[in-house]
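# Architecture and fold: a report
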Amino acid sequence: MAMSYRRSVFINGNSFVSSLCLLLAIFGSFAVGVANADLVAGQQSLTLTTPISDTTTSTSQIIPKRVSNSCANWENEPVATDGNCSRLAQPGLIRCHGGINNLQRLNSKHGKLLPVRQLLLCGLPQAAFNRLGELQRFPQLRSLTIEYGDFTELTFDFPEMFHLQAINISWTNLTHISSRTFKRLHTLKILDLRWNQLIQLEGPLILPHTFQQLYLAGNPWNCTRNFKWLLLQPDKGRLVADRDELICTDGKYKELQMMLVMHYKVTVRKECESHEELRNCTCLMTYMHKTYTPHYTIICSNLQFNRLPSYLPVNTSSLYINDNLISDVSPLRDNPHYREVVDMQLSNNRITNIDILEDTYWLQNFRMLNLHGNLLRKFQVYALDNALEDNPQAIRLLFSKNPWHCTYAYNVTCTYSNGDELRHAKVLSLTREDMCNVDPVDEWFMHPIDLLNCIFASLILLILGKLGYDYYFYRYHGKVPWIVLKMP
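Throughout what follows, the structure given in this document is the object of discussion. Computed from a predicted structure; not experimentally measured.

## Re helix H8 (residues 381-390)
The complete set of buried residues in H8 reads Ala383, Leu384, Asp385 and Ala387. Of the surrounding secondary structure, the elements contacted by the buried residues of H8 are strand E17 (396-398).

Shown next, in the form of structure tokens:
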């Protein structure tokens, strides 16, 4: 019985010791947690406490202060005058105003790096911004905000970082950014480049495969540059979260949506590529009407065309097909694809006759016809005469460098509005007064240019006469002109 009793006591004693050790461990963990909480609360109370006055007692009450991640009114911060930074009570947040002079000191304590997870840079000058290549000193950085800086370009590529997830660069003078700037930020998910002065991008930015959202609105985009990748590379285009808010500011597409402009540019490009005749041509959108109707220009010059293309994209208004082998212009009369083409550039081809265009819709609605350097010898003058009377938008006809047969030139007459005294006047009979619109009352007065020409001619004759006189006297009398004797 005694042995049994001792064993029971021993077993119970071991259980007691184990239970005691477990309780001590739990109590120790709780004490450490309380101590850490008191330490954090104490640090926060140094900056986030506000004394509350009462009629009976005066106590300190902790009031949570919202830490702003914006640089609005950053000039009013005390450290802004010296271009310094401050570490806020929010764990891992540093704000810099007007410079980063003391950033390195705030990043370490007693030789040890302090964790910095958020960095807010306000009003950085260009010189300070160039030093941001040193961001590797913040290996735990997760968020970077840069606002109201006066720098115009990123002169560096961001260093390799493995925790940085969000970058906001806004309200700066940034005008240019390389596609490789963010290439080495392996965990980047959000990039905000709104409200800068960006005009174009070299191409889609090189971003990690886990990237999620790119913001580009609020920049003065030039839509004459190449942004077609937004549609042609869907995997890149869909990353631009605000792509429907991008607005063009260039003179050609001012105040139009970039995606709309790029849509029409891609459309005309695909149409030309899908037709064999136009595959080697350059197809462009010239401008867009206020009704959001695009106008296209097709350039097929110097491509060995022996006839006009049978197909043109809808809304084609200009066709450049110079320096080819074209001899027939009948598609301008018969092909409905040319109905909206108002500018025809056909110089240096082999066109011999345009009489087929008489009394056609195209001739009554064209704006410019260039037949310079063809094989025209004659055409029916009355055909153009009637067309020009009915076509108020015609502004230019070019017929130079053609082998004209001039026996009919005497019959070429002027066509002006009714009531003009030169209406139907023969061109070869026109005087200078007719062409220059000189008033008949002033016909007997000499024109100032004519007077100047007479003076110059008289001076030339006087100089030549004096030269001949001096030569004669030197030859037969051996005397040189007096002016020679006066020369030193």
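## Side note on the state of the cysteines
Under the defined criterion, the tally for this structure stands at 5 disulfides. There is a disulfide in this structure between cysteine 223 and cysteine 248, and the S-S distance comes to 1.8 Å. Its S-S torsion of about -90° marks the bond between cysteine 223 and cysteine 248 as left-handed, since a negative value means left-handed. With cysteine 223 in the loop between strand E11 (213-215) and helix H4 (229-232) and cysteine 248 in the loop between helix H5 (234-237) and helix H6 (258-273), the pair connects residues that are 25 residues apart, well separated along the chain. Judged by relative accessible area, which is 1%, cysteine 248 ranks as buried. Sulfur-sulfur distance for the disulfide between cysteine 281 and cysteine 300 comes to 2.1 Å. With the S-S bond torsion at 120°, the cross-link from cysteine 281 to cysteine 300 turns out right-handed.

## Here's the deal with the pairing of strand E8 (residues 143-147)
Taken across its 5 residues, E8 has 4 buried, putting it largely inside the fold. In terms of strand pairing, strand E7 (residues 118-122) meets E8 through 5 bridges, oriented parallel. Across the sheet, leucine 121 pairs through a bridge with isoleucine 146, a residue of E8. Relative to strand E9 (residues 166-170), E8 is paired through 5 bridges, and the arrangement is parallel. Bridge pairing links leucine 144 to isoleucine 167 in E9.

## As for the sheet that holds strand E10 (residues 190-192)
What the 7 strands build is an open sheet, ordered E3-E4-E7-E8-E9-E10-E11; its pairing is mixed. A single partner strand is all that each edge strand has here, and the edge strands are strand E3 (85-87) and E11. Within this sheet the neighbouring strands show an average axis-to-axis angle of 5°, counted without direction. Of the pairings in the sheet, the one linking E3 to strand E4 (residues 93-97) comprises 3 bridges and is antiparallel in character. Residue pairing in the sheet places serine 86 in a bridge with arginine 95 of E4.

How each quantity is defined
Residues numbered from 1 in each chain as written. Predicted model: local features only at pLDDT ≥ 70, side-chain atom pairs only at ≥ 80, totals over all residues. Heavy atoms only, no water. Buried < 20%, exposed > 50% of the residue type's maximum accessible area, 1.4 Å probe, protein only. Helix = DSSP H or I, 4+ residues; strand = E, 2+ residues; numbered from the N terminus. Contact = heavy atoms within 4.5 Å. Disulfide = S-S within 2.5 Å. Pairing = 2+ DSSP bridges. Axes fitted to C-alpha atoms, helices over the stretch in contact; angles between N-to-C directions.

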